[in-house]
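# Coordinates in review
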Amino acid sequence: SRQQQGSAVTVVAGNQGRSQLYARQGWMLEDESTLKLSVQSRNGGASRQVADGSRGEDSFHNATLDLRYDRDISAAEGLTIWAGALHSRVGDMWYSDIAPTPMGGVSIRPLNLEQAMDSLTLMGRYHWLTPGGVESSVLGSVSSSAVDMLPYFSENRYTVDVEYQGRYAWGAHDVLWGINFHATGDDIDTPSPNYLSLSQSRFTQRNTGVFLHDDWTLVPDTWKLGLGARWDGTNRGGSALSPNASLL
C-alpha cells in the first residue's frame, strides 16, 4: 500500500455492452502506517444470438473490494493485514432438459440458470528479524466462500491457513525452514440428483507440513548445491516425505 498512495479512477465502456470501473484511494497514516482501499466492478451484457438476433443468457456482473494495511513497526519488524470480498453473477444456458415429444420421442430443451459466487477473506502477516540474524514470518488467513448453481448445485466452503517460515544465512549456507497447517471443509448440496449426486456431501481435509532447505554455495558465483526435504501429513492419504536436491 505504500506504493499506491493518492487517488486513481479508471472507467471503461464500449458499444459491446461491456463496462468496467476501478477506483483506489491510499492514505499515509501516522506511525509509519499506510492504508489502501480499492473497488472494482466488471459488467457484461448478454450476447446476441446469431440464429434469431435474440439476447442470450450469458450476462455477467463481478465486483471486488480490497483493503490493505501496512505498518513498519521498526526497521526489523512489519505487519500487513489484508481483507477482500468478491461478488459474482453470471448467466448460462444448458441444452440438457430432456422432455418427451407427442410422437413418442424425446427432445432437448434449454435450461436457463445463474451461477452465483461470493467470498470473504482475511489475512495477516507479521515478520521480524532477530538480533542474531534470523528472519521470521508468521502468516494466517481465513476465508469463506459460497457457489450456487441452483437448483443443481450449491457449495459452502471455509479455508484456514497458518504458516511460519524462518531463514538464516551464514558463511556459504542459506537455510530456510518452516511449518504450515491447512484446513478446508465444504458442505455441498445437490437438490437435483438427476444431474449430479455426491455420496459424501460434507468433508474436511487437514494438512500439516514441515520443510527444511539449504542453498549451499560451493564456489561463489559458479556452483550452488540445494538440499532439502518436506514432510506432509493429511487425514486423507496419510503422510509423505519429499526429499529434493539440485545443483546449479
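See the structure shown above.
What you see as residue numbers is a count from 1 along each chain, following the sequence as written. In keeping with the predicted nature of the model, local features appear solely for residues at pLDDT of at least 70, side-chain atom pairs appear and are counted solely at 80 or more, and the whole-chain, interface and lining totals rest on all residues. Only hydrogens and water are removed before side-chain values are computed, so all heavy atoms of the structure are retained for them.

With that settled, the discussion passes to the overall build of the protein. The numbering of helices and of strands both runs from the N terminus, where a helix is a DSSP run of H or I of at least 4 residues and a strand a run of E of at least 2. Scanning the protein from terminus to terminus reveals zero helices and 12 strands. Counting only C-alpha atoms, the protein reaches 85 × 50 × 35 Å along its principal axes. Taking contacts inside the protein between residues at least 6 apart in sequence as the whole, the part at least 24 apart equals 45%. All tallies of charge rest on Lys and Arg as positive and Asp and Glu as negative; His and the ends of each chain are not included. A charged residue contributes its charge at one atom only: NZ of Lys, CZ of Arg, CG of Asp or CD of Glu. Distance between charge centres in the protein, computed from 19 positive and 27 negative side chains, equals 3 Å. The criterion used for residue contact is that any of the two residues' heavy atoms lie within 4.5 Å.

Here a Phe, Tyr or Trp ring, Trp counted by its six-membered ring, pairs with any other such ring whose centre lies within 6.5 Å, and the pair is stacked when the planes are under 30 degrees apart, edge-to-face when over 60, and tilted otherwise. Under the definition given, this model contains three aromatic pairs. Between the aromatic rings of Tyr126 and Trp128, the centroid separation amounts to 5.2 Å while the plane-to-plane angle is 20 degrees, which identifies the pairing as stacked. Look at Trp128 and Tyr164: their rings are 6.5 Å apart centre to centre, the planes differ by 40 degrees, and that puts the pair in the tilted class. Residue Trp128 is located in strand β6 (residues 106-129), and its partner Tyr164 is located in strand β8 (residues 153-170); the two are separated by 36 residues in the primary sequence. Each residue in the set Tyr126, Trp128 and Tyr164 is aromatic and connected to the rest through ring pairs, giving one cluster. Between Arg236 and the ring centre of Phe203, over which it is positioned, the NZ or CZ distance is 3.9 Å. For a Lys NZ or an Arg CZ to count as sitting over a ring, it must be within 6 Å of the ring centre and within 35 degrees of the ring normal.

Attention now goes to the pattern of salt bridges. The term salt bridge refers to a pairing of a side-chain nitrogen on Lys or Arg with a carboxyl oxygen on Asp or Glu at a separation within 4 Å. Inspection of the entire model under this criterion finds 10 salt bridges. Between Asp118 and Arg89 there is a salt bridge; the shortest N-O distance is 3.4 Å. Of the two residues, Asp118 sits in strand β6 while Arg89 sits in strand β5 (residues 77-100), which places them 29 residues apart along the sequence. A salt bridge links Arg202 to Asp187, with the nearest nitrogen and oxygen atoms 3.3 Å apart. Of the two residues, Arg202 sits in strand β10 (residues 202-219) while Asp187 sits in strand β9 (residues 173-189), which places them 15 residues apart along the sequence. Each residue's exposure class comes from its accessible area (1.4 Å probe, protein chains only) as a fraction of the maximum for that residue type: buried when under 20%, exposed when over 50%, partly exposed otherwise. According to the relative accessible area criterion, Asp187 is partly exposed, its value standing at 30%. Here the salt bridges do not stand alone but share partners, grouping Arg2, Glu32 and Asp72 into one network.

Tracing the chain through its elements places Asp214 in strand β10. Asp214 gets classed as buried once you look at its relative accessible area, which sits at 18%. Remark: the alpha-carbon pair of Asp214 and Ala245, spanning 31 residues in sequence, is separated by 9.6 Å. For Asp214, the contacting residues outside a window of four places in its chain are His173, Asp174, Val175, Leu225, Gly226 and Leu227. In this structure the side chain of Asp214 is engaged in a polar contact, spanning 2.7 Å, whose partner is the side chain of His173. As used in this structure description, the phrase polar contact means that two N or O atoms lie within 3.5 Å; if the pair is within protein, one of them must be able to donate a hydrogen and the other to accept it, and residues adjacent in sequence are counted only when both atoms belong to side chains.

Looking now at the pairing of β8. One bridge is not enough; two strands pair if DSSP finds at least two bridges between them. The pairing of strand β7 (residues 135-149) with β8 spans 15 bridges and is classified as antiparallel. Note that in β8 the partner of Leu139 across the bridge is Glu163. The hairpin formed by β7 and β8 contains three residues between the paired strands. Across 17 bridges, the pairing between β8 and β9 is antiparallel. Bridge assignment links Glu155 to a residue of β9, and that residue is Ile188. Connecting β8 to the antiparallel partner β9 that follows it, the hairpin turn spans two residues, and Gly171 within it adopts a positive phi of roughly 55 degrees.

Bringing a nonpolar patch on the surface into the picture now. Here the term patch refers to residues with relative accessible area over 30% and no salt bridge, with like charges joined within 9 Å and nonpolar side chains (Val, Leu, Ile, Met, Phe, Trp, Tyr) within 5 Å. For the accessible areas, the method is Shrake-Rupley and the probe is 1.4 Å, while residue cover comes only from the protein chains on display. On the surface, Trp27, Leu29, Leu37, Val39, Leu65 and Leu67 cluster together to form a nonpolar patch covering roughly 460 Å² of accessible area. Looking at the nonpolar patch, the elements with two or more residues in it are β2 (18-29), β3 (33-44) and β4 (60-74). With respect to the helices and strands, the residue Leu65 is situated in strand β4.

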